[in-house]
Each structure stands twice: as C-alpha cells, then as structure tokens.
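# Survey of secondary and tertiary structure
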Amino acid sequence: MEKHDMDYYLNCKVINAGMGIEYDMELHIMQDNIARKYYEDKYQYLLKQEEIKNKTKYIFLTINPNAQVDFKEFMRVIIKMMSKNWITNYLYVIEQRGETLDELGKGFHFHAIIEKPTNKAYQHMVRELSSSANRVCDTSNFHFFNLKNISEEEKERKIVYLTGSKADEAKHKKQELDIVFRKNNNLLSYYNIGIV
C-alpha cells in the first residue's frame with residue numbers, strides 16, 4: 001500500500017472543501033497508517049506461510065466427515081485417496097469420538113501424515129486431496145478438512161500423537177474404544193509406509 005505524502009492529504013482537504021465537505025486530515029492520516037500496517041503485516045504473514053510451505057517436507061491432514069456419511073463410504077474415499085500414486089510415504093489412522101460402548105463409532109475421522117513429493121506442485125496436492133475428501137465433507141471448512149504443513153519436529157510429535165497414548169487424559173477413554181472400534185471394523189491401529 002502506497003504511503004501518501006502531506007501534499008496528498010492537503011489536496012484531499014482542498015478538494016473536499018471545494019465540495020463543501022469537511023475533511024479531517026489527521027483522521028485520514030491515522031486511518032491510512034493503520035491500513036498500511038495491516039497490509040504490511042498480512043504480506044509478511046503470507047511470505048512466512050509460503051516459506052513454511054516450501055521448506056516443510058510433510059503435511060498433516062484431518063478429515064471429519066459429514067454426519068450423514070456412513071463409515072463404509074468414508075473408508076472407500078480414504079482408501080482411494082491414500083492410493084494416489086504420488087502418496088508414497090504416509091502414516092494414517094482412523095479414530096472415533098465415542099466415550100461409551102453405546103457411542104462407539106460416533107464421530108469417526110481420519111488423520112494422516114503425508115510426505116510431500118518433490119515432483120508435484122503443492123497446489124495440485126491440495127486440489128487432489130480436497131477433491132477426494134469433497135465426497136464426504138465440506139472441504140472449504142477447516143473443521144472438516146484441515147491440511148497443515150508440518151516440520152520434521154512436528155511430524156515426530158504427530159507420530160506420537162497418532163500411535164501412542166494421548167497426553168490429554170480426557171481422551172484415554174476414546175482411545176480405549178478406538179481399539180474396539182478398529183477391531184469391529186477390521187482396521188489396523190495405524191497404516192504406515194515410510195514414516196515410522
């Protein structure tokens with residue numbers, strides 16, 4: 001955003017005065033400074049996000065399906081998505097949010113660590129993953145389709161989060177029921193190629 005000099009504001013004052021409109025020069029200078037700071041900060045944030053995207057080797061994906069999606073359809077979509085030829089190294093899990101046997105299977109969802117291929121543009125990866133997940137969730141809503149670039153250190157933390165015991169004790173009951181849920185649906189505790 002262009003920074004205006006004092007002549008700009010004086011010209012605005014003269015033009016407004018000619019039309020019979022009062023012009024508060026100090027207010028407009030302050031508004032322009034606030035707007036310029038906002039856009040400069042936003043630009044720096046976007047540059048940093050682009051740098052993170054280009055430097056990171058992994059993405060972390062979470063898919064929470066719409067309530068009306070049945071589990072078999074959800075799994076068909078997940079299996080097809082994870083079979084894409086550019087997804088060669090990954091770790092993924094299927095979890096649920098039920099805390100009692102009556103709630104078993106409620107809120108099933110998917111988490112994955114995917115190694116980004118060097119021969120595929122980032123936006124193409126996002127488009128393909130989003131296109132696949134679009135069959136089971138609203139991919140424009142980050143609560144249902146959440147994709148993040150993660151560092152090597154974050155990948156290690158996510159591996160522990162997905163394969164180990166959760167630090168949050170409130171989630172331990174859900175984890176115990178995940179085991180029952182997976183057994184009932186013939187699922188492994190996690191699916192891994194090249195990550196762990």
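Refer to the structure presented above.
Before going into details, it helps to say that this report is about the structure given with it. Bear in mind that the values here come from a model prediction, so they are computed numbers and not experimental data.

## Some remarks on the overall build of the protein
Along its length, the protein carries six helices and five strands. Along the chain direction, N to C, the helices and strands of the protein fall in the order α-α-β-α-β-β-α-β-α-α-β. Over its C-alpha trace the protein gives a radius of gyration of 25 Å, far above what one expects of a compact globule, namely 16 Å for 196 residues. Dimensions of the protein along its principal axes, counting C-alpha atoms only, are 80 × 40 × 30 Å. Looking at the protein residue by residue over its 196 residues, the buried ones come to 36%. When contacts within the protein are restricted to residue pairs at least 6 apart in sequence, long-range pairs at least 24 apart make up 70% of them.

## Regarding the packing of aromatic side chains
Aromatic ring pairs are reported here in terms of the distance separating the ring centres and the angle at which the planes meet. The tally for this structure, following the rule as stated, stands at eight aromatic pairs. Judged by centre distance (5.1 Å) and plane angle (85°), the rings of F71 and F108 are edge-to-face. With F71 in helix α3 (residues 71-82) and F108 in the loop between β2 (90-95) and β3 (109-115), this residue pair connects regions lying 37 residues apart in the sequence. Taken together, a centroid distance of 5.1 Å and an interplanar angle of 75° make the contact between F71 and F181 edge-to-face. Separated by 110 residues along the polypeptide, F71 in helix α3 and F181 in helix α6 (residues 172-184) bring together distant segments of the chain. For F71, a relative accessible area of 14% corresponds to the buried category. Following the ring pairs from residue to residue traces out a cluster consisting of F71, F74, F108 and F181.

## Describing helix α5 (residues 152-163)
For α5, spanning twelve residues, the distance from its first C-alpha to its last is 17 Å, which sits close to the expected 16 Å at 1.5 Å a residue. Considered for burial, the residues of α5 that qualify are K155, K158, I159 and L162. Angular distribution of buried residues about the axis of α5 spans 110°; they occupy a single face of the element. Of the residues in α5, the exposed ones pointing more than 90 degrees away from the buried face are E153, R157 and V160. On its buried side, α5 packs onto β1 (58-63), β2, β3 and β4 (145-150).

## Let's talk about unusual backbone geometry
Leaving glycine aside, a negative phi is the common case for residues, and trans is the common case for peptide bonds. With a phi angle near 55°, N186 is a residue other than glycine that sits in the positive phi range. Within the secondary structure, N186 sits in the loop between α6 and β5 (191-193). The class for N186 is exposed, based on a relative accessible area of 70%.

## Some details on the side chain of N16
Looking at the element boundaries, N16 is found in helix α1 (residues 6-18). Overall, N16 belongs to the buried group, its relative accessible area being 16%.

## Examining the nonpolar core
One finds I63, F74, I94, F110, I114 and L129 to be the most contacted residues of the largest nonpolar core, which totals 30 residues. With seven residues, the single largest contributor to this core is α3. Those residues in contact with I63 that lie beyond four places of it in its chain are F74, I78, M81, H109, F110, A133, V136, C137, F144 and F145. Y58, F60, L91 and V93 belong to the second-largest nonpolar core, a separate cluster that totals nine residues.

So, how was this worked out
Residues numbered from 1 in each chain as written. Predicted model: local features only at pLDDT ≥ 70, side-chain atom pairs only at ≥ 80, totals over all residues. Heavy atoms only, no water. Helix = DSSP H or I, 4+ residues; strand = E, 2+ residues; numbered from the N terminus. Rg over C-alpha atoms; globule rule 2.2 N^0.38 Å. Buried < 20%, exposed > 50% of the residue type's maximum accessible area, 1.4 Å probe, protein only. Contact = heavy atoms within 4.5 Å. Phe/Tyr/Trp six-rings, centres within 6.5 Å; stacked < 30°, edge-to-face > 60°. Expected span 1.5 Å × (residues − 1). Arc of directions from axis to C-beta. Core = buried A, V, L, I, M, F, W, Y, C linked by side-chain atoms within 4.5 Å.

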